[in-house]
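# Descriptive analysis of the structure
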Amino acid sequence: MRHIRGIIGTVMAALREIFDEAAYGRFLARQDLPSSRSAYAAFLREHVVAKAQRPRCC
Amino acid sequence: MRKPVRILMWLALAVLGALAVATIALHRGEQINAMWLVVAAFCSYALGYRFYGKFVAAKVLALDPQRATPAERLDNGRDFVPTNKWVVFGHHFAAIAGPGPLVGPVLAAQFGYLPGTMWILAGAVFGGCVQDFVILLFSVRRDGKSMTEMAREEIGRVGGFVAYVAVISIIVILLGVAALIVVNALKSSPWGAFTIAMTIPIALLMGVYLRRLRPGKVLETSALGFILVMLAIWGGQWISQTPPVARIFTLTAPTLAILIIIYGFAASALPVWLLLAPRDYLSTFVKLGTIALLAFGIVVLRPALHMPPLTRFIDGSGPVFAGKIFPFAFITIACGAISGFHALISSGTTPKLIRREPETRMVGYGAMMAESLVAIMATIAACVLQPGTYFAINSPAGVVGAAPETAAATISSWGFPISAAQMQSLAEAVGEQTLYNRTGGAPAFAVGMAHIFSSSLGGQAVMALWYHFAIMFEALFILTILDAGTRVGRFMVQDALGHIWKPLGRTSWYPSILTTSALIVGAWGYFLWQGVKDPLGGINSLWPLFGISNQLLATVALCVATTIIIKLGKARYAAVTLVPLAWLVSVTFTASWHKMFDPDPRIGFLAHAQQLATAAPLSHEVSRLIFNDRLDAAVTGVLIVMVALILVESGREWARVLSGRKQASVKEAPFVASRFAMEEPL
């Protein structure tokens, strides 16, 4: 059971990384901010705009 | 596990793999089960990872668990973050998985299932996985530098320039051909066109929801977006069955091309958070789910392959694209075996997340194995179709004829029986007006996927839903590449133009945004328009161009890798990158020569131009086709000159280092001891 919980936890962590939730969490921790519209807007300015400049694979 | 047991286990796996490969290679005249392909793939990857990957890791790269990675040394919680290896693996796989491994193998299935499968397995284990792995490690040792920077530092300015041209070329050609695949999948399909059209307001809604209502809840928003897309697919059926509304969404190829060009321009200029980012999330959500679903479907349902191992078209006379098995099977498969584009990802975000050097094997080598498995699944999806059906869907009207009866008769005369009534019945089953001349691979993949699932999950009654789910998945996926790629291309052009006139380099200055967006959209839009107007369906000309540009980028990556290996004093192991490099060069040069100078007008651009010039009166239309052929020949020529340039420049650098005329020095970051060094070995 603990093994299954571990696998699910890793999959969820991977999904949170792929979908930028982990990056947003790190952004909040780094800036010492609670989650809010303005915090998310700031995150988008910093992270998502930079992400949009990276090539996507074929 | 004790050593003798381990040895026995690996021996058993090798025997099983050999049996599977022998079954795939030697069966003639009877169907085989798709599971043989899956078993061959699983065994090849396991053996490749365990033995070849480990050899490269230990002997060539000498992975050092004591050495701190940039994620550890430069940890800033933003770009550099030490991350769990499985999480990095998932992240890297999601980044490298694109439409290429789905489309290329479907097109290459015209040769039969054997050539494609063999190249996907061998190419990945000895080429693609090695390339991704070594570039990732070399980037990790250089603080996450990009491949273009590494090419400039290790090979010289020519290396950097060729890498830049290769990236721009691949982006433009990829976007043109990707858009063409969407056009061919959606033309005369009100159901498909409606579903895809709906993904735009759904993405906008997701953007607003994410920013205003639930900031940061991306997974939740993507799941909601997915539900809305499912509703759009369901609603599309009603649309297609309601003639007045269906007429609105029944679009011709040129109309769709214009709409996609407008969309590409708008998406490149709109704020990222509004359309691009939510669409990207939605696409990734659907992509990962569908790949997992397809893998599950193939393993559980174990469909039989109807395509023969080899078809008569290995002689170069294929209707899907013209050209012999060598070099065109290898150019066509592209990303499923080796993709230069992956080197950009391996030297982008991923190296900044790697926690320990030994983890680069699992992430670099391992994720490419997963990508290759996606290509195997695409091969299976194409080959479960009756060959007659496959060729009816993928052959352009210019080859088989426009009328259903003519097309069916032509295809049947090749030894792949099909009737117009069968094709009509299949089209009705999937909710389409026709399935003829749907070149590009996406519709054939969708029919194959619908065929696999409808054989047990819901039966024929839901075949149309499965088909449109697959079409939605591919089109959504490709349109995301299109809007993201346009924006990336825009940034690259802005970066270059900024050296000429500074304001043009400012990414937030609207005149610059509009000018550079128009340049990029104009470039890929031209290729798209050319493909739409091409009587041979466009794919015949454009997909090989894409394959050549992709393999050019892989050539750059392997030249960089070989140069670094030689400079590390490991020239005796340089064959691990030199052999795939030599293969790629021979494939790329041969394919380019054929595409430019082959006397067969179906293969050679210049021969086709000559045929048009002599056979028909020079109308405006014919003149344009001749110009397009000459342009394609020129683009191919430029790409091959780039390959030659990087080879000559790399060769000179190798000779200088090996002869002792130049002191070998690599630009690695200095050694710092890792605090993760004592963790269990991988």
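Residues numbered from 1 in each chain as written. Chains lettered and ligands numbered in written order. Predicted model: local features only at pLDDT ≥ 70, side-chain atom pairs only at ≥ 80, totals over all residues.

### A short note on the overall build of chain B
To keep things clear, this is the line we draw: Helix and strand assignments come from DSSP, with helices taken as H or I runs of at least 4 residues and strands as E runs of at least 2, each series counted from the N terminus. Counting other C-beta atoms within 10 Å of a residue's own tells you its class, since 20 or more makes it buried, 12 or fewer makes it exposed, and anything in between is partly exposed; those C-beta atoms are placed from the backbone. A pair of residues counts as a contact when their C-beta atoms, built from backbone coordinates, are within 7 Å of each other.
Scanning chain B from terminus to terminus reveals 27 helices and two strands. In terms of principal-axis extent, the alpha carbons of chain B reach across some 70 × 65 × 60 Å. Within chain B, the proportion of its 682 residues that are buried is 59%. Sequence-distant contacts, at least 24 apart, represent 81% of the contacts inside chain B between residues at least 6 apart.

### Considering the overall build of chain A
Formally: We compute the radius of gyration from the C-alpha atoms alone; for a globule the expected value is 2.2 Å times N to the 0.38, where N is the number of residues.
Within chain A, the secondary structure is distributed over three helices and zero strands. Radius of gyration (C-alpha) of chain A: 14 Å, far over the 10 Å computed for a compact globule of 58 residues. If one aligns the C-alpha atoms of chain A with their principal axes, the spans along those axes are about 40 × 35 × 15 Å. In chain A, buried positions account for 31% of the 58 residues.

### Here we look at the interface of chain A and chain B
The cut-off we apply is this: The residue classification treats Ala, Val, Leu, Ile, Met, Phe, Trp, Tyr, Cys and Pro as nonpolar and Asp, Glu, Lys and Arg as charged. All others, Gly included, are polar.
In this assembly, 29 residues from chain A lie in contact with 46 residues from chain B. Put simply, the parts of the chain that give the side of chain A that touches chain B at least two residues each are α1 (2-18), α2 (21-31) and α3 (37-51) of chain A. Its residues assigned to classes, the side of chain A that touches chain B comprises 17 nonpolar, four polar and eight charged.

### Re helix α12 (residues 253-269) of chain B
One turn of the α-helix equals 3.6 residues, which is why residues spaced by three or four share an orientation. All names here are of chain B. Note the threshold: Given a helix with a known number of residues, its expected span is that number minus one, times 1.5 Å. An arc is given here, and it is the one of the directions from the helix axis to the C-beta atoms.
A rise of 1.5 Å per residue sets the reference length of α12, with its 17 residues, at 24 Å; its end C-alpha atoms lie 25 Å apart and thus fit the reference within 8%. Where α12 is concerned, the buried positions are A253, L256, A257, I260, Y263, G264, A267 and S268. Projection of α12 onto a plane perpendicular to its axis shows the buried side chains occupying an angular sector of 125°, all on one side. Contacts from the buried residues of α12 go to α8 (157-186), α13 (272-301), α22 (463-497) and α23 (510-533).

### So, the nonpolar core
All names here are of chain B. Selection criterion: By our criterion, buried Ala, Val, Leu, Ile, Met, Phe, Trp, Tyr and Cys residues that link up through C-beta atoms within 7 Å make up a nonpolar core.
Grouped together as the largest cluster of nonpolar side chains are 247 residues, with contacts concentrated most on V182, F445 and V556. Residue contributions to this core peak at 21 residues, all from α22. Setting aside chain neighbours within four positions, we find V556 in contact with A151, V162, A163, A166, G340 and I646. In this structure, A609, L625, I626 and A633 belong to the second largest nonpolar core, which totals five residues.

### Some remarks on the packing of helix α5 (residues 100-108) of chain B against helix α16 (residues 359-383) of chain B
Describing two packed helices takes the angle between their axes plus the distance from one axis to the other. All names here are of chain B. Definition in use: With axes taken as lines fitted to C-alpha atoms, and helix axes fitted only over the stretch in contact, angles between N-to-C directions fall between 0 and 180 degrees. Comment on the angle field: the value is read as roughly parallel under 35 degrees, roughly antiparallel over 145, roughly perpendicular from 65 to 115, and oblique elsewhere. Here is the rule for handedness: rotate from the far helix to the near one, and if that takes an anticlockwise turn smaller than a right angle the crossing is left-handed, while a clockwise turn gives right-handed.
Here α5 crosses α16 at 40°, and the two axes come no closer than 8 Å. Considering the angle they form, α5 stands oblique to α16. With respect to the hand of their crossing, α5 and α16 are arranged in right-handed fashion. The segment α5 lies against α16, with P101, L102, G104, P105 and V106 engaging E371, V374, A375, A378, T379 and A382. Looking at the contact of α5 with α16, its residues break down into eight nonpolar, two polar and one charged.

### Side note on unusual backbone geometry
One can expect most non-glycine residues to show negative phi and most peptide bonds to be in trans. The residue after F326 of chain B, namely P327 of chain B, is reached through a cis peptide bond having omega 10°. Tracing the backbone shows P327 of chain B in helix α14 (residues 325-333). For D20 of chain A, which is not glycine, the phi dihedral falls at a positive 70°. Looking at where D20 of chain A falls in the secondary structure, it is placed in the loop between α1 and α2. For D20 of chain A, a count of 21 C-beta atoms within 10 Å corresponds to the buried category. Positive phi values are uncommon outside glycine, yet S188 of chain B reaches one of about 55°. Here S188 of chain B is to be found in the loop between α8 and α9 (190-213). For S188 of chain B, a count of 17 C-beta atoms within 10 Å puts it in the partly exposed group.

### Some words on the packing of helix α2 (residues 35-60) of chain B against helix α6 (residues 113-140) of chain B
Residues and elements named next belong to chain B. Put simply, α2 and α6 touch, their axes get as near as 10 Å, and they point 30° apart. It follows from the interaxial angle that α2 and α6 lie roughly parallel. Relative to α6, the crossing made by α2 is right-handed. Along the contact surface, α2 presents L37, A40, A41, S44, G48, Y52, G53 and V56, while α6 presents T117, L121, V125, C129, V130 and F133.

### Comments concerning the environment of V39 of chain B
Residue and element names in this part refer to chain B. Along the chain, V39 falls in helix α2. When the C-alpha positions of V39 and L301 are compared, they lie 14 Å apart, and in sequence the two are 262 residues distant. When sequence neighbours within four positions are dropped, the list of residues in contact with V39 reads L16 and A20.

### A look at the confidence of the model for chain A
In plain terms, the rule: pLDDT measures the predictor's confidence residue by residue and takes values from 0 up to 100.
Here chain A averages 88 in pLDDT, while 100% of its residues score no lower than 70. No element of chain A has a lower mean pLDDT than α3 of chain A, at 87, and none a higher one than α2 of chain A, at 94.

### Focus on helix α21 (residues 442-454) of chain B
Here α21 of chain B is 13 residues long and its end C-alpha atoms lie 18 Å apart, about the 18 Å a rise of 1.5 Å per residue gives. Most of α21 of chain B is tucked away: 13 of the 13 residues are buried.

### Points about the environment of L479 of chain B
Considering the arrangement of structural elements, one finds L479 of chain B in helix α22. Counting along the chain gives 460 residues from L479 of chain B to L19 of chain B, while the straight-line C-alpha distance between them is 41 Å.

### A word on the environment of T332 of chain B
Residue and element names in this part refer to chain B. Along the chain, the position of T332 falls in helix α14. For T332 and M147, which are 185 residues apart along the polypeptide, the C-alpha to C-alpha distance reads 24 Å. The contacts of T332, once residues within four sequence positions are left out, are G104, L107, A108, F321, W543 and G547.

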